[in-house]
Amino acid sequence: MKTAHFILIFCLLALASPFAYASDPSPLQDFCVAINDPKDAVFVNGKFCKDPKLAKAQDFYYSGLNIPRNTSNPVGSIVTPVNVAQIPGLNTLGISLVRIDYAPNGGLNPPHTHPRATEILVVVEGTLYVGFVTSNTDNRLITKVLYPGDVFVFPIGLIHFQFNVGKTNAVAFAALSSQNPGVITVANAVFGSNPPINPDVLVKAFQLDKNVVKNLQSKFW
Ligand SMILES: *[C@@H]1O[C@H](CO)[C@@H](O)[C@H](O)[C@H]1NC(C)=O
């Protein structure tokens, strides 16, 4: 009886698995330009879709990624996203792009993770020390110093960073395997949540003095 149950459950799981997507769904039509007002929409496969006959070049277009952005902020980097929020035509297509500018001498894109995307990054200017950490099986740190033309991959979900170790500005572009990859910056999520996490939780989790935790929580993230 136990065996029969096991086999039944196994078969149900096997049947269910094709429908359990860990990433963006495949598009069910050529494209699905996202639209805000559902009364003008014809399909749903992600966000609401515009009538394909009304799609225009502008729905698939973004301009300005050639422009350097101001990196004068506490971490010394700035990310310019180009995802479904900027290009509605990316809806259901499972891809997006960012430009990242790094200040000279230590501009940092701080440790963060994309819950829905793998990232592939190409350096076009400067020198970046990049890395990611594997999950808790061994928490292994994998790093590399990158120069212009170098490409590096950050696997989906893993915590990663880029640090400008050069004396000049650095610039990178990265593609991500989601129309809306999401970002969780570790320090901001843990020490800058709203409302704050009870300091006793962080004292225990990080084995820190309570004053240190309160100091970290008081910073502007
Ligand atoms: C960059 O931002 C800083 C801080 O907001 C500001 O003081 C500075 O004038 C800006 N620089 C440029 C070139 O816009």
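Residues numbered from 1 in each chain as written. Predicted model: local features only at pLDDT ≥ 70, side-chain atom pairs only at ≥ 80, totals over all residues. Heavy atoms only, no water.

Q: Just checking my understanding: could you explain the overall build of the protein for this structure?
A: When its secondary structure is counted, the protein shows four helices and 12 strands. Within the protein, buried positions represent 33% of all 221 residues. Taking all contacts inside the protein whose residues are at least 6 apart in sequence as the whole, residues at least 24 apart take part in 66%. Summing over all exposed atoms, the protein offers an accessible surface of approximately 13,400 Å²; the carbon and sulfur share of this is 63%. (Helix = DSSP H or I, 4+ residues; strand = E, 2+ residues; numbered from the N terminus. Buried < 20%, exposed > 50% of the residue type's maximum accessible area, 1.4 Å probe, protein only. Contact = heavy atoms within 4.5 Å. Areas by Shrake-Rupley, 256 points an atom, 1.4 Å probe, with all protein chains shown as cover.)

Q: Whenever I open this one, the layout of surface pockets confuses me. Can you help?
A: Gaps left between atoms are located by rolling a probe of water-molecule size over the structure's atoms. Put simply, the largest pocket is a space of about 570 Å³. In this structure, the largest pocket is lined by 29 residues; those nearest its centre are Val79, Asn109, Pro110, Val183 and Thr185. Taken together, the elements giving at least two residues each to the lining of the largest pocket come down to strand 3 (77-82), strand 4 (96-102), strand 5 (108-113) and helix 2 (186-191). Looking at which element gives the most residues to the lining of the largest pocket, the answer is strand 3, with five residues. Its residues assigned to classes, the lining of the largest pocket shows 17 nonpolar, 11 polar and one charged. (1 Å grid on protein atoms, 1.4 Å probe; cavity = no way out; pocket = protein on both sides within 12 Å on 5 of 7 lines; lining within 4 Å. Points joined across faces, edges and corners; volume = space filled by probe spheres on them. Nonpolar A, V, L, I, M, F, W, Y, C, P; charged D, E, K, R; others polar.)

Q: Is there a simple way to think about the pattern of salt bridges in this case?
A: Two side chains with opposite charge may pair up if their charged atoms get near one another. Tallying each qualifying case throughout the model produces five salt bridges. Residue lysine 53 pairs with aspartate 51 through a salt bridge whose shortest N-O separation is 3.9 Å. A residue is classified by how much of its surface remains accessible, and lysine 53, at 73% relative accessible area, is exposed. Notably, a salt bridge pairs arginine 99 with aspartate 101, separated by 2.8 Å at the nearest N-O pair. Per residue, the accessibility class of arginine 99 equals that of aspartate 101, and both read buried. In this structure, a network of salt bridges that share partners links the residues Lys50, Lys56 and Asp59. (Salt bridge = Lys/Arg side-chain N within 4 Å of Asp/Glu carboxyl O.)

All we've got here are geometric facts, nothing functional implied.
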